[in-house]
Amino acid sequence: MVALERGTADALGEMRKTTAVLTDDSLLLATSARTQTILTVVPRRDIRTVEVLEEHVVAIRFDDYAHARARVIRLDLHKYCDREGIIEKLRPSVS
């Protein structure tokens, strides 16, 4: 695990509380939905852009090969800020 933050995300359609976990190979968003938790897995290699919308808020554009389309997830880390630096660590490295 590289970083862990709590915030909100629209991975399920509307903004909901989520736990964002960044690993070496994926961004994991665990979002509560009534009686269950839905896990959204975004492989880091599929992330195309990380656009900063405002401080501690980003739009993550990635290729969703399971549904053959590009998706955008809005991740808001305002409540606790981005203490572990997930936003900066998400950005594709420039070689």
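Each remark here, short or long, concerns the structure printed above.
This is a predicted model, so every value here is computed, not measured. (Residues numbered from 1 in each chain as written. Predicted model: local features only at pLDDT ≥ 70, side-chain atom pairs only at ≥ 80, totals over all residues. Heavy atoms only, no water.)

## Regarding the nonpolar core
Threshold: Joining through side-chain atoms within 4.5 Å is the link that ties buried Ala, Val, Leu, Ile, Met, Phe, Trp, Tyr and Cys residues into a set, and such a set is a nonpolar core. Residue exposure (1.4 Å probe, protein chains only): buried if accessible area is under 20% of the type maximum, exposed if over 50%, otherwise partly exposed. Every helix listed is a DSSP run of H or I at least four residues long, and every strand listed is a run of E at least two residues long, numbered separately from the N terminus.
By size, the foremost hydrophobic cluster in this structure holds 19 residues, and its most contacted members are Leu 27, Leu 29, Ile 47, Ile 60, Ile 73, Leu 75 and Leu 90. Looking at this core, the elements that each hand over two or more residues are strand S1 (3–9), strand S2 (16–22), strand S3 (26–33), strand S5 (47–54), strand S6 (57–64), strand S7 (69–76) and helix H1 (86–90).

## Brief notes about the pairing of S2
To keep it simple, the criterion reads: Only strands joined by at least two bridges in the DSSP assignment are considered to pair.
Counted residue by residue, S2 has five buried out of seven residues, so it is predominantly covered. Bridge analysis of S1 against S2 gives seven bridges, and the strand direction is antiparallel. Pairing of Glu 5 across the sheet is with Ala 20, part of S2. Relative to S3, S2 is paired through five bridges, and the arrangement is antiparallel. When the bridges of S3 are listed, Thr 19 appears paired with Ala 30. Connecting the antiparallel pair S2 and S3 is a turn made up of three residues.

## Some details on the pattern of salt bridges
We apply this condition: Every case where a carboxyl oxygen of Asp or Glu lies within 4 Å of a side-chain nitrogen of Lys or Arg is listed as a salt bridge.
For the structure on display, the rule yields two salt bridges. Arg 48 is the partner of Asp 63 in a salt bridge, and the nearest nitrogen-oxygen pair spans 2.7 Å. One end of the pair, Asp 63, is in strand S6; the other, Arg 48, is in strand S5, and 15 residues separate them in sequence. Across the salt bridge formed by Asp 64 and Arg 71, the nearest N and O atoms sit 3.8 Å from each other. Classification of Arg 71 by relative accessible area gives buried; the value is 18%.

## Quick notes on the pairing of S3
Here S3 runs beside strand S4 (residues 36–43); their pairing, made up of eight bridges, is antiparallel. Directly across from Leu 29, in S4, lies its bridge partner Thr 40. The turn joining S3 and S4, which pair antiparallel and follow one another in sequence, is formed by two residues; a positive phi near 60 degrees is taken by Arg 34.

## Side note on the sheet that holds S2
Selection rule: Lines fitted to C-alpha atoms define the axes here, with helix axes fitted over just the stretch in contact, and angles between the N-to-C directions of these axes take values from 0 to 180 degrees.
Ordered in space as S4-S3-S2-S1-S7-S6-S5, the seven strands form an open sheet in which the pairing is antiparallel. Here the strands that pair on one side only, and so sit at the sheet edges, are S4 and S5. Taking the axes of each pair of neighbouring strands and ignoring which way they run, one obtains an average angle of 30 degrees across the sheet.

## Describing the environment of Val 72
Using the following cut-off: Between two residues, a contact is recorded if the distance between any of their heavy atoms is within 4.5 Å.
Relative to the assigned elements, Val 72 resides in strand S7. Separated by 17 residues in the primary sequence, Val 72 and Glu 55 place their C-alpha atoms 18 Å from one another. In this structure, Val 72 is in contact with Asp 10, Ala 59, Ile 60 and Arg 61, ignoring residues within four places of it in sequence.

## Looking at the environment of Val 52
You can see Val 52 is positioned in strand S5. Spatially, the C-alpha atoms of Val 52 and Glu 88 are 9.9 Å apart, while their sequence positions differ by 36 residues. With near-sequence residues (within four places) excluded, Val 52 lies in contact with Val 57, Val 58, Ile 87 and Arg 91.

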